[in-house]
Each structure stands twice: as structure tokens, then as C-alpha cells.
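Given next are the chains, with one letter for each unit.
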Amino acid sequence: MTDAAAESADRPFDAGLQTERTLLAWRRTCLSLAVGNGAAIKYLSDALGAWATLLGFLGLALSVVAWVLCTIRYRRAHGGLVRDESLIVSGRLPALVTAAVGAAGVAGLVVLFVQWRPW
């Protein structure tokens, strides 16, 4: 790769830096999922026992995988936009984040029904 080609691959595609802002938003989402799962491991282990730990570590693993996928997604989108102005992305990252949020929601419902004693 020549110096000019390497320099053009590193430059932003647009002045608004949309792909970079999207990367930062996905990273904030992954970080908040990791923090939420870490809190679930710490505070829900009394209510659910080993299940809370298992679900929490599963959520942490999904957060790490989502972080890696958001970086890959950014590099593909940026590279495609710089090379030939086409956007190349997949739906794996949104599906993974949806699965992580769904798992956290199920864990929350389980805790609600385990802890809820209306009588």
C-alpha cells in the first residue's frame, strides 16, 4: 500500500464523522451493558444464586463480543466509504445487543417474581 493510499484510508470519510460517532455510541452501549451485568452479578446473586452469576457472566461475554463487533463494523463501514463510497455493514451487532438486553430483561423478570410476595 502506498503512502497516499494509506493516508486516504485513515482520513475521515465526511466532515460530520458519522461513522466515528456511531462507533462511539455502540461502545457506550457495550460499556453500559457490561456495567449492568457486573451489577447484576454483584447484587442479584443473593436472590438467584448461581443463576445470577451465570446470566451475568453470559451478559459480560456478550458485551465483549458486541464491543469487538462494533469495531469490526466501524472498520468495514469506514473502509467501504473511503474506498468506493458504499456502506458495508451487517445486522449481527444489533441482534447481539438485542439478545443481551433481552437476557437482562428476563433476569429482571425472574428476580421480580422470585422476590415479589404480595401477601
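For the structure itself, consult the block above.
Residues numbered from 1 in each chain as written. Predicted model: local features only at pLDDT ≥ 70, side-chain atom pairs only at ≥ 80, totals over all residues. Heavy atoms only, no water.

(A) The arrangement of the overall build of the protein chain in detail. The helix and strand tally for the protein chain stands at 4 helices and 0 strands. What you see in the protein chain, going N to C, is helices and strands ordered as α-α-α-α. Looking at the 119 residues of the protein chain, the share that counts as buried comes to 27%. Here the analysis covers contacts within the protein chain between residues at least 6 apart in sequence; of these, 65% occur between residues at least 24 apart. As presented, the protein chain carries roughly 7900 Å² of accessible surface, and 67% of it is formed by carbon and sulfur atoms. (Helix = DSSP H or I, 4+ residues; strand = E, 2+ residues; numbered from the N terminus. Buried < 20%, exposed > 50% of the residue type's maximum accessible area, 1.4 Å probe, protein only. Contact = heavy atoms within 4.5 Å. Areas by Shrake-Rupley, 256 points an atom, 1.4 Å probe, with all protein chains shown as cover.)

(B) A look at the side chain of E20. With respect to the element layout, E20 can be found in helix 2 (residues 18-48). Of the side chains with opposite charge, R21 comes closest to the buried, unpaired E20, at an N-O distance of 7.4 Å. In this structure the side chain of E20 is engaged in a polar contact, spanning 3.0 Å, whose partner is the side chain of Y74. (Lys, Arg positive; Asp, Glu negative; His and termini not counted. Salt bridge = Lys/Arg side-chain N within 4 Å of Asp/Glu carboxyl O. Polar contact = N/O pair within 3.5 Å; in protein donor to acceptor, adjacent residues only side chain to side chain.)

(C) Here's a closer look at a nonpolar patch on the surface. Together, L31, V35, V64, W67, V68 and I72 make up a nonpolar patch on the protein surface, roughly 540 Å² of accessible area in all. Looking at the nonpolar patch, the elements that each hand over two or more residues are helix 2 and helix 3 (50-84). If you tally residues by element for the nonpolar patch, the top one is helix 3, at 4 residues. (Patch = residues over 30% accessible without salt bridge, like charges linked within 9 Å, V, L, I, M, F, W, Y side chains within 5 Å.)

(D) Spatial organisation of the nonpolar core. Core analysis: the biggest nonpolar cluster contains 13 residues, and W26, A66, C70, L93, L96 and V97 have the highest contact counts within it. Broken down by secondary-structure element, the contributors of at least two residues to this core are helix 2, helix 3 and helix 4 (92-115). For this core, the leading source of residues is helix 3, giving 5 residues. Those residues within four positions of C70 in sequence are excluded, and the remaining contacts are L23, W26, R27 and L93. (Core = buried A, V, L, I, M, F, W, Y, C linked by side-chain atoms within 4.5 Å.)

(E) Spotlight on the packing of helix 3 against helix 4. Look at helix 3 against helix 4: their axes get within 9 Å of each other, and the N-to-C directions meet at 160 degrees. One finds that helix 3 runs roughly antiparallel with respect to helix 4. Classified by chirality, the crossing of helix 4 by helix 3 is left-handed. Residues L55, L62, V65, A66, L69, C70, R73 and R76 of helix 3 touch helix 4, and the partners they reach there are R92, L93, P94, L96, V97, A99, A100 and A107. Class assignment for the residues of the contact of helix 3 with helix 4 results in 13 nonpolar, no polar and 3 charged. (Axes fitted to C-alpha atoms, helices over the stretch in contact; angles between N-to-C directions. Parallel < 35°, antiparallel > 145°, perpendicular 65-115°, else oblique. Left-handed = near helix turned anticlockwise from the far one by under 90°. Nonpolar A, V, L, I, M, F, W, Y, C, P; charged D, E, K, R; others polar.)

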